[in-house]
Amino acid sequence: MGLKKAVFDFVKGHPGLRLGLRRLLRVLRAGVYRLRTPGVRPDPHTVLFCSYHGKSASCSPRAVYERMRSDPAYRDYRFFWAVSQPERFADLAADPRTEVISFGGAAFERAMAGAGYWIFNITLPEHISPRRGQTYLQCWHGTPLKRLGYDIQEDGNAMNSLAEIHRKYRLEGEKVDYFLSPSPFASKCFRSAWQLGRWGKSDAILEVGYPRNDRLVNAAEEERTALRRKLGIPHGKRAILYTPTFRDDQHISGQGYAYRPAVDFDELRQKLGKDHVILFRAHYLVASAFDFSAYPGFVLDVSGVEEINDLYIASDLMITDYSSTMFDYGVLRRPILFYMYDLEQYRDRLRGFYFDLNELPGTILTRQDQLAPAILNTKNFVWTDEWEAFRQRFAPLEDGKAADRVIQALFKEG
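Residues numbered from 1 in each chain as written. Predicted model: local features only at pLDDT ≥ 70, side-chain atom pairs only at ≥ 80, totals over all residues. Heavy atoms only, no water.

Trainee: Even after reading the chapter, I still don't get the packing of helix H3 (residues 59–70) against helix H16 (residues 402–410), so can you show me in this structure?
Mentor: The description of two helices packed together rests on the angle between their axes and the distance between the axes. Where H3 contacts H16, the two axes come as close as 9 Å, and the packing angle between them is 75 degrees. With respect to each other, H3 and H16 are oriented roughly perpendicular. Packed against H3, whose contacting residues are Ala63, Val64, Arg67 and Met68, the element H16 presents Ala403, Asp404, Val406 and Ile407 at the interface. Broken down by class, the residue content of the contact of H3 with H16 amounts to six nonpolar, no polar and two charged. (Axes fitted to C-alpha atoms, helices over the stretch in contact; angles between N-to-C directions. Helix = DSSP H or I, 4+ residues; strand = E, 2+ residues; numbered from the N terminus. Parallel < 35°, antiparallel > 145°, perpendicular 65-115°, else oblique. Contact = heavy atoms within 4.5 Å. Nonpolar A, V, L, I, M, F, W, Y, C, P; charged D, E, K, R; others polar.)

Written out as C-alpha cells, the structure reads:
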C-alpha cells in the first residue's frame with residue numbers, strides 16, 4: 001500500500017506524466033475493447049443503464065428503466081444494469097428481462113457493444129465510444145450551480161489540471177447523441193461546459209425535465225410516512241437533510257475525495273436535539289468514512305441510501321452549500337438553507353458559479369452560529385413568489401411526466 005501511494009502521489013504531482021499515462025491507458029483499453037467485442041452488433045431492443053460509475057442503480061436512468069419495464073410497449077426489450085456490486089441488486093436481477101453485470105471488465109464491455117441504447121448519468125469510460133446503430137443518452141445528475149468542464153477557469157482540482165478537465169469533457173461531448181436537460185438554464189450551461197456546438201452537437205440537448213423528479217411530483221403522504229419509519233426518523237421530529245458537496249482540492253491518494261463536516265453537531269444538538277434529527281448525505285464522490293456515534297438519535301448517516309429521492313421525500317427541510325440537490329428539492333416547495341462557510345475559497349479558487357448567489361432566495365449562511373436560529377425560523381416557512389421564481393427558473397418542466405418524454409424521444413416506435 002505504501003509503494004502504491006508513493007507512485008500515485010508522484011504521478012499526481014507531474015501533470016505531463018499523468019496525462020501521457022492516461023492517454024496510453026486509454027489506447028490500450030480501447031484495443032482490449034475491440035478484441036473483446038469482434039463482430040458484436042448492437043441490438044435495437046437492448047438498453048444498458050448505468051448510474052454514478054456503477055455505484056448505484058438510481059437517478060434518472062433508474063426512472064427511465066422503471067417506466068420502460070412497466071410499459072407493455074417494451075415487453076420485448078432486454079435491459080442491462082452495470083453496477084460495481086451486483087449482489088446488492090437482487091431486486092433488479094429478479095426481473096426476467098434484466099441482467100445485472102459488473103461495471104468494467106469483459107462482460108460489461110460485451111454488453112456495451114451489444115446494446116442499442118446507453119443511458120448513463122455520468123461520463124462514459126474514456127475508451128468506449130458509440131458505434132453505428134447505438135444511441136447514447138447522457139442524463140447527467142443535476143442542474144449546475146458550480147461551473148463544469150470548459151467553463152471552469154481556476155486550476156484548483158487536486159486530481160486533474162485544467163487541460164485534463166477540458167479533455168475529459170471534450171471526449172464526452174463528442175460521444176453524446178442526446179443530453180438531458182431540466183431547464184433552459186441548464187441547457188445553456190451544458191452546451192457551454194461540453195462545447196457541444198464545437199462538436200456539431202448543439203441539437204443534442206433534450207430539454208424535457210429530469211425523470212428522477214417524477215417521483216417527487218407524484219409522492220403521496222403514505223410514502224413519506226413509510227420512508228420516515230424506515231429511516232428511523234422519530235414521530236413528531238423535523239428531519240433536516242444536509243447535503244454538502246465535495247471540494248475539488250481535498251483528495252487523499254489512493255482513496256478519493258475527502259470531506260470533513262464543517263458543522264458543530266454538539267451545538268446543534270444542544271439547541272435542536274429535542275425536536276430535530278439530521279440526515280447527513282455525503283456526495284457520491286466522497287470516500288471519507290463518517291463516525292456519528294457520538295450523536296445517536298440526532299445525526300443519521302444516510303450516505304449509503306441508494307435513492308436520494310427517499311431522503312427528499314422523508315425530510316422537512318434541506319441544508320446544502322453548492323450542491324445541485326437544491327434545485328431538485330425545490331420541486332417539493334420545502335425550505336432550503338444555504339450554508340456556505342467557505343464561499344470565497346470555493347467561488348474564487350475552485351470552481352466559480354453560473355450565476356450570482358444573490359439570486360438565490362433566502363439568506364446565505366456563512367457562520368455556524370447562524371444555523372440553529374435559521375433552522376428554527378423555517379418552522380414559519382412560506383413558499384413565496386421569490387421561491388416560486390427559483391423553482392420556475394431551474395425546474396420548470398417537472399410535472400411528473402419527464403420519463404415519458406425521454407422515452408418518446410429515444411424510442412419513437414414505442
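Picking up after the structure, the text goes on.
Trainee: Please clarify how a nonpolar patch on the surface should be interpreted in this entry.
Mentor: Together, Leu21, Leu24 and Leu28 make up an exposed nonpolar region whose accessible area comes to about 280 Å². Looking at the secondary structure, you find Leu21 in helix H2 (residues 15–36). Overall, Leu21 belongs to the partly exposed group, its relative accessible area being 41%. (Patch = residues over 30% accessible without salt bridge, like charges linked within 9 Å, V, L, I, M, F, W, Y side chains within 5 Å. Areas by Shrake-Rupley, 256 points an atom, 1.4 Å probe, with all protein chains shown as cover. Salt bridge = Lys/Arg side-chain N within 4 Å of Asp/Glu carboxyl O. Buried < 20%, exposed > 50% of the residue type's maximum accessible area, 1.4 Å probe, protein only.)

Trainee: Hey, could you run me through the sheet that holds strand S12 (residues 299–301) in this one?
Mentor: Taken together, six strands build an open sheet; the order of strands is S12-S11-S8-S13-S14-S15 and the sheet is parallel. One side of each edge strand has no neighbouring strand; the edge strands of this open sheet are S12 and strand S15 (364–365). (Pairing = 2+ DSSP bridges.)

Trainee: What is the right way to read the sheet that holds strand S4 (residues 115–120) from this model?
Mentor: Strand pairing within a sheet occurs via backbone hydrogen bonds; the two strands may be parallel or antiparallel. With respect to topology, seven strands assemble into an open sheet ordered S3-S2-S1-S4-S5-S6-S7, the strand pairing being parallel. Whereas interior strands pair on both sides, the edge strands pair on one side only; in this sheet they are strand S3 (98–102) and strand S7 (205–207). When the angles between neighbouring strand axes are averaged without regard to direction, this sheet yields 25 degrees. Two elements, strand S5 (residues 135–138) and strand S6 (residues 178–181), share two bridges in a ladder whose sense is parallel. Its bridge partner lying in S6, Gln138 is registered against Phe179.

Trainee: Is there a simple way to think about helix H9 (residues 221–231) in this case?
Mentor: Each α-helix turn comprises 3.6 residues. Residues three or four places apart therefore point the same way. Residues Arg224, Leu227, Arg228 and Leu231 constitute the buried set of H9. Here the buried residues of H9 occupy an arc of 100 degrees about the axis, which is enough to place them on one side. Counted as exposed and oriented over 90 degrees from the buried face of H9: Glu222, Arg229 and Lys230. Directly beyond the C-terminal end of H9, a positive phi value near 85 degrees is found at Gly232. (Arc of directions from axis to C-beta.)

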